[in-house]
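# Secondary and tertiary structure notes
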Amino acid sequence: MTGSTVFVCYSHQDEKEKDRLLVHLDVLQKNVGIDLWSEDRTGPGADWQAEIDRAIVEARIAILFITADFLRSDFLIDKVVPTLVKRREQEGLIIFPVIAKACAWRSVDWLVKMKVRPENGNPIWSAPADYYIDEALAKVAEEVASIVKVGKSDEALASGIALLSETDIIRYRSGHEESHKAEIEVVSPQEEAVLRSIADRTNEFGQFKRMLAGQTDERIFLLEAGGEWGKSELLRGVFMKYCSLTGIPHFFIDLKGSSIGLDAVLYELCNKFRTQSSRFLDLVARLARLEHGEIIGRYAIAEALKTPDEIGYTRQVVRLTEVLFNDLCTQLEQLVLIFDTYEQANDDVKRWLSELCLPYARPPTKLMIVIAGRQRPEVGSDLMAYCYPYSLKGVVDVEAWEQFAQNQGMLMPREWIEGFCVANEGRPGPIVNLLQSVHRQRGNYAR
């Protein structure tokens, strides 16, 4: 095989629908230079198992044709999929799960962590007309084509968004002034999926990765950003997604709203890691005087914090925090805690973060904490060496926005994108809104 091999994985029960996908992929075989492989294209008398094994090894892209029959196939789920996932993790194989028919795919752990097509997760064969089915299949083929084309272009390898995990090179923009940056950042297969959904946040992502890997002394990422600067997209679309894809335990809570008291924060944290918080839960049960077997919820933690005076309350908070973090730091090899909208947290939560939570990020624990908002918490001098204060700036690189628009299927003239970027000083919020609005309007006119 001389081109980029695209491996199509499907259930025999879905032959008819799979053939419609192959029609669109055949266009790429003739015009883009891919080698298309599916089981039904093996020659007569061929060693079926050996052919599959060879195709999996040679594949650069794998398309999983997801249906209920696919998910209940012992051979596919127990043999083929684990091999593909392993290649994705170790060698950068790009996997396209295509939700073909209605099925319970969101309950499948390995699948729900991947970016599926169509992006809304709606099955292609739920479309009301053949036109929409072909439109969805054509989009899959076009995305495969764009990856293959980018792989052949040295220029594309220097763009702000990494499309290919095979080469995995992202060049840092020269205009950034923050320290700890490198000219070239090599990203893993998991990171390829992360960076596609955001425009040029490679500096921030690089720092986050270095902190996770223990390559710097900093363990506390203090992210300051005003409205519409893309803070939430960075936290959810990059930091959290990377943790999910790499299997790093993580916790996220938005501190916005008066209902988010310290009891809510402690409850959400222990509830996320309930199996690792046994001593904490036992302590809450004792302090709240719960009956044996009674469920420990937020109310129980609120009861455990009740004391007649401020000194007693502080003592209880310190005690509960110490037990909870000792539970988590001893049971988990690594942990990332992300707190968003810090400026709207109540005073009790702010004090807890600064005085009790942040100190646990110091070595030798493997705890990393991200606090984001329009203001940063006050940090004691003994913790400053472990902090990385950072002010989020706009993305002014037009090429990065051009690539972002292409990744999202929003094709439009470069001068329009440049105008949006300049007019909004690189603020991601309004730029994305404009791109989406113009894309929808152009689609409506086309109809």
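What follows concerns the sheet that holds strand β3 (residues 59–66). One open sheet holds the four strands; their spatial order is β2-β1-β3-β4, and the pairing between them is parallel. Lying at the two open borders of the sheet, with one neighbouring strand each, are β2 (34–37) and β4 (94–99). Strand-to-strand, the axes of this sheet are offset by a mean angle of 20°, without reference to chain direction. Here strand β1 (residues 4–9) pairs with β2 via four bridges, running parallel. Paired with T5 across the strands is D35, a residue of β2. Packing against the sheet, helix α1 (residues 15–31) makes contact with β1, β2 and β3, and its axis sits at approximately 160° to β2.

Across the interface, helix α14 (residues 310–331) lies against helix α15 (residues 347–357) with an axial gap of 11 Å and an inter-helix angle of 55°. By the angle between their directions, the pair α14 and α15 is classed as oblique. Seen from above, α14 lies across α15 with right-handed handedness. Across the interface between the two elements, E310, Y313, V317, V318, T321 and F325 of α14 pack against D348, R351, W352, L356 and C357 of α15. Across the contact of α14 with α15, the residue classes tally to seven nonpolar, one polar and three charged.

Following R117, the chain continues to P118 via a peptide bond in cis, the omega torsion being -10°. Within the secondary structure, P118 is located in the loop between α5 (109–112) and α6 (130–151). Following P363, the chain continues to P364 via a peptide bond in cis, the omega torsion being 15°. Within the element layout of this structure, P364 appears in the loop between α15 and β10 (367–373). Phi is positive for R289, which is not a glycine, with a value near 55°. With respect to the helices and strands, R289 occurs in the loop between α12 (278–287) and α13 (298–305). Located in the positive-phi region is T341, a residue other than glycine, with phi close to 55°. For T341, the location among the structural elements is in the loop between β9 (335–340) and α15. When its relative accessible area of 6% is taken as the criterion, T341 is described as buried.

A separate point is the sheet that holds β10. Here we have five strands laid out as an open sheet, ordered β8-β9-β10-β7-β11, and parallel in their pairing. Two strands lie at the open edges of the sheet, namely β8 (250–254) and β11 (387–391), each paired on one side alone. Strand-to-strand, the axes of this sheet are offset by a mean angle of 10°, without reference to chain direction. Looking at chain direction, β8 and β9 are connected through five bridges and run parallel. Within β9, the position partnered with I253 by the bridge is F339. Running at roughly 160° to strand β7 (residues 220–224), helix α9 (residues 202–212) makes contact with β7, β9, β10 and β11 of the sheet. Running over the sheet, helix α11 (residues 262–272) touches β8 and β9 and is turned about 150° from β8.

So, how was this worked out
- Residues numbered from 1 in each chain as written.
- Predicted model: local features only at pLDDT ≥ 70, side-chain atom pairs only at ≥ 80, totals over all residues.
- Heavy atoms only, no water.
- Pairing = 2+ DSSP bridges.
- Helix = DSSP H or I, 4+ residues; strand = E, 2+ residues; numbered from the N terminus.
- Axes fitted to C-alpha atoms, helices over the stretch in contact; angles between N-to-C directions.
- Contact = heavy atoms within 4.5 Å.
- Parallel < 35°, antiparallel > 145°, perpendicular 65-115°, else oblique.
- Left-handed = near helix turned anticlockwise from the far one by under 90°.
- Nonpolar A, V, L, I, M, F, W, Y, C, P; charged D, E, K, R; others polar.
- Buried < 20%, exposed > 50% of the residue type's maximum accessible area, 1.4 Å probe, protein only.

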